[in-house]
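# Notes for the structure review
Below are the chains, spelled out letter by letter.
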Amino acid sequence: MTPVTQAGEAAPAHADGAVLPPLRIGRHVIESPVVLAPMAGITNRAFRRLCREYGNEGRAIGGASGATSLYVSEMITSRALVERTPESMRLIEHDPDENPRSIQLYSVDPATARAAARMLVSEDRADHIDLNFGCPVPKVTRKGGGSALPWKKDLFKAIVGAVVEEGAKRDIPVTVKMRKGIDDVHLTFLDAGLTAEAEGVAAVALHGRTAAQAYSGTADWSAIRMLKETVTSIPVLGNGDIWSAEDALRMVRETGCDGVVVGRGCLGRPWLFTDLAAAFAGTSARVTPTLGEVAETLRTHTAYLCDFYGEEERACRDIRKHIAWYLKGFPAGSTIRNSLALVDSMAALDRLLATLDPDVPWPGEAAEGQRGRAGSSRTVALPDRWLESRELSEEHRRTIAEAELSVSGG
Ligand SMILES: Cc1cc2nc3c(=O)[nH]c(=O)nc-3n(C[C@H](O)[C@H](O)[C@H](O)COP(=O)(O)O)c2cc1C
């Protein structure tokens, strides 16, 4: 896709024109300080490839080549991984050119977390491990997992410490991704950030919402700034509500964060990684694809999914959830949208995409802004009397042991 240059260059702050220095995650040097957020059901090997290719284009625009951003896998339950379920084994696969190979683990139990990390490290299956402490899904928090977990300081410390220790055996850096806390009264991000730093993690990422907010309202970037001021020896990454490259630059300016983590903004818009790489390289080139170019990307995404699943039907089922995101703001009627949302083969996809007018230009404002999950705030489901103490009781230890059994989503 050909990017267009827009008015208003980002102010370069570094010698080579870059807005920020490269992001250092342990031994990895990430030239463009951008991370694809782990998203369950989305950031599989196929989607990461698409985002990576667009990111590389952006780097080339900025006059650079080689490794670009960090693209994290969807979360993988440590227990499922230790049990080597076929699904988790597929989810930890990487393309040969993925570097660093990044995997996000979810765990509520230090021993299982350690075993999963040991497996990844000793079998050379990852170059970076991210830990998920941000999941707000009720079935996870109800058992004390995800964003409910950092409330129990000793448990959080034990999980992080165990995984860092395993990673260190082969110099595999570990990062922590978290939310502000359970709700506005029960915030955990500052003490969790300090604990993670003391336990030896390579970076911390903060989604500026509480679990109670789920995906509602706006992300509180001032919390990212507070974390950056508190955790001083490792990179702090900001996450939440980056819908454009300009938002990313603004987050860096307003919070002083060392890099950004981008989730929903790239749904149906993987070329956002071109924009982000270009923006952080200090150029104002931005991608504004025509409907024809969007259709081509949608097709490529589906082809990559075919390769990932090894099965056309499953790939087509998966791409259905992306259709509305790809077509956001374009004048495509409900008939074609509905047909695409039921697509079951590549041939059918090609037939349907051929009916779109390829020359329709990028719709601008209508295609910008929020996409993906939104929703409203809620009371967080927690184990009984979870908030009474920040230490883990024996009773709660038993409750959370169940939390790894079936989870999905962050
Ligand atoms: C569909 C979906 C799945 C997600 N799955 C995960 C996950 O597996 N692990 C995780 O840490 N966060 C997960 N998240 C949260 C995102 O990583 C990110 O923190 C959140 O969407 C806020 O960033 P954004 O405003 O850029 O989307 C998920 C979010 C969405 C929308």
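Only a predicted model underlies this, so the values are computations on that prediction, with no experimental measurement involved. Counting restarts for each chain: residues are numbered from 1 in the order of the written sequence. A pLDDT threshold of at least 70 governs which residues receive local features in this predicted model, and a stricter bar of 80 or more applies before side-chain atom pairs are shown or counted, although totals over entire chains, interfaces and linings include all residues. Excluded from the side-chain calculations are hydrogens and water; all other atoms, namely the structure's heavy atoms, are used.

## Quick look at the overall build of the chain
Selection criterion: Only runs of H or I of at least four residues qualify as helices and only runs of E of at least two qualify as strands under DSSP, and these elements are numbered from the N terminus. When checking whether two residues touch, look at their non-hydrogen atoms; a contact exists if any pair is within 4.5 Å. For the purpose of charge, His is not counted, nor are the chain termini; Lys and Arg are scored as positive and Asp and Glu as negative. Lys charges are placed at NZ, Arg charges at CZ, Asp charges at CG and Glu charges at CD.
Broken down by element type, the chain carries 16 helices and 13 strands. Principal axes of the C-alpha set define a box for the chain whose edges measure 65 × 50 × 40 Å. Put simply, of all contacts in the chain between residues at least 6 apart along the chain, 75% involve residues at least 24 apart. Charge-centre separation for the chain: the mean point of 48 positive side chains lies 4 Å from the mean point of 54 negative side chains.

## Digging into the packing of aromatic side chains
Which entries qualify depends on this criterion: Planes of paired rings set the category: under 30 degrees apart is stacked, over 60 is edge-to-face and the rest tilted, where pairs are Phe, Tyr or Trp rings (Trp by its six-membered ring) whose centres lie within 6.5 Å. With a 1.4 Å probe rolled over the protein chains alone, any residue whose accessible area is under 20% of its type maximum counts as buried; one over 50% counts as exposed, and the rest are partly exposed. Counting as a charge over the ring demands two things of the Lys NZ or Arg CZ atom: a distance within 6 Å of the ring centre and an angle within 35 degrees of the ring normal.
For the coordinates displayed, the defined rule picks out 6 aromatic pairs. Their ring planes at 55° and their centres at 5.5 Å tell us that Tyr-71 and Phe-273 sit as a pair that is tilted. Residue Tyr-71 is found in strand E5 (residues 70-77), and its partner Phe-273 is found in helix H10 (residues 272-280); the two are separated by 202 residues along the sequence. In this structure, Tyr-71 and Phe-273 share a single accessibility class: buried. Ring pairs connect the aromatic residues Tyr-54, Trp-271, Phe-330 and Trp-362, which therefore count as one cluster. Over the face of the ring belonging to Tyr-304 we find Arg-49, whose NZ or CZ atom lies 3.9 Å from the ring centre. Above the plane of the ring of Trp-386 lies Lys-152, whose end atom (NZ or CZ) is 4.8 Å from the centre.

## Focus: the domain arrangement of the chain
Our working rule: An automatic or database domain assignment is the source of the domain bounds shown. Buried surface area refers to the total accessible area, computed with a probe of radius 1.4 Å, that the two partners give up upon joining, counted for both partners together. One speaks of a salt bridge when a side-chain nitrogen belonging to Lys or Arg is within 4 Å of a carboxyl oxygen belonging to Asp or Glu. In the analysis that follows, any N or O atom pair within 3.5 Å is treated as a polar contact, provided that within protein one partner can donate a hydrogen and the other can accept it, and provided that, for residues neighboring in sequence, both atoms belong to side chains. Amino acids outside the nonpolar list (Ala, Val, Leu, Ile, Met, Phe, Trp, Tyr, Cys, Pro) and the charged list (Asp, Glu, Lys, Arg) are all regarded as polar, and Gly is one of them.
Under the domain assignment used here, the chain contains domain 1 (18-283 + 388-406) and domain 2 (291-363). The distance between the C-alpha centroids of domain 1 and domain 2 comes to 29 Å. Contacts between domain 1 and domain 2 engage 18 residues on the former and 16 residues on the latter. Buried surface at the junction of domain 1 and domain 2, both sides included, amounts to about 1600 Å², of which 62% is carbon and sulfur. Scanning the region where domain 1 abuts domain 2 turns up 2 salt bridges. Ionic pairing is found between Glu-87 and Arg-314, a salt bridge with its closest N-O pair at 4.0 Å. Scanning the region where domain 1 abuts domain 2 turns up 4 residue pairs in polar contact (both at pLDDT 80 or more). When residues of the side of domain 1 that touches domain 2 are traced back to their parent elements, those giving at least two are helix H1 (45-61) and helix H3 (86-91). For the side of domain 1 that touches domain 2, the leading source of residues is H1, giving 7 residues. Looking at the side of domain 1 that touches domain 2 residue by residue, the class counts come to 9 nonpolar, 3 polar and 6 charged.

## Examining the site of the ligand
Counted only if it meets this: Throughout, near means a residue has at least one heavy atom within 4 Å of the molecule or strand. Surface accessibility in these figures is a Shrake-Rupley result with a 1.4 Å probe; residues are shielded only by whichever protein chains are displayed.
Around the ligand, 19 residues are found, and the nearest of them are Gln-104, Lys-177, Asn-239, Asp-241 and Arg-264. Gln-104 places a polar side-chain atom, nitrogen or oxygen, 2.7 Å from a nitrogen atom of the ligand. The separation between an oxygen atom of the ligand and a polar main-chain atom of Asp-241 is 2.7 Å. Computed on the free molecule, the ligand has an accessible area of 610 Å², of which 97% lies beneath the protein chains in the complex. Across the shell around the ligand, the residue classes tally to 7 nonpolar, 8 polar and 4 charged.

## Digging into the pairing of E5
Stated formally: Here, a strand pair is defined by DSSP locating no fewer than two bridges between the strands.
Judged by how many residues are buried, E5 sits mostly within the fold: 8 of 8 residues are covered. Looking at chain direction, strand E4 (residues 34-36) and E5 are connected through 2 bridges and run parallel. Bridge assignment links Leu-36 to a residue of E5, and that residue is Tyr-71. Summarising the sheet, E5 and strand E6 (residues 102-106) pair through 4 bridges and their orientation is parallel. Its bridge partner lying in E6, Val-72 is registered against Ser-102.

## Side note on unusual backbone geometry
In this structure, the amide linkage connecting Asn-99 to the following residue, Pro-100, adopts the cis form with an omega of 0°. Mapped onto the elements, Pro-100 comes out in the loop between H3 and E6. The backbone of Arg-84 shows a phi angle near 55°, a positive value even though the residue is not glycine. As for its position among the elements, Arg-84 is in the loop between helix H2 (78-82) and H3. Unusually for a residue other than glycine, Asp-241 sits at a positive phi of about 65°. In this fold, Asp-241 is placed in the loop between strand E11 (236-239) and helix H9 (245-255). Judged by its relative accessible area of 12%, Asp-241 falls in the buried class.

## Looking at the nonpolar core
Applicable threshold: For this analysis, a nonpolar core means a set of buried residues of the types Ala, Val, Leu, Ile, Met, Phe, Trp, Tyr and Cys, connected via side-chain atoms within 4.5 Å.
With 117 residues, the main nonpolar core has Val-176, Val-260 and Phe-280 as its most contacted residues. Per element, the largest residue contribution to this core is 9 residues, and it comes from helix H11 (residues 291-309). Shared between two domains, this core holds at least three residues of each, these being domain 1 (18-283 + 388-406) and domain 2 (291-363). Excluding its chain neighbours within four sequence positions, the residues that come into contact with Val-260 are Pro-33, Val-34, Val-35, Gly-238, Ile-242, Ala-248, Met-251, Val-252 and Phe-280. Core analysis: the second largest hydrophobic core is formed by 12 residues, Ile-25, Leu-70, Ala-205 and Leu-237 among them.

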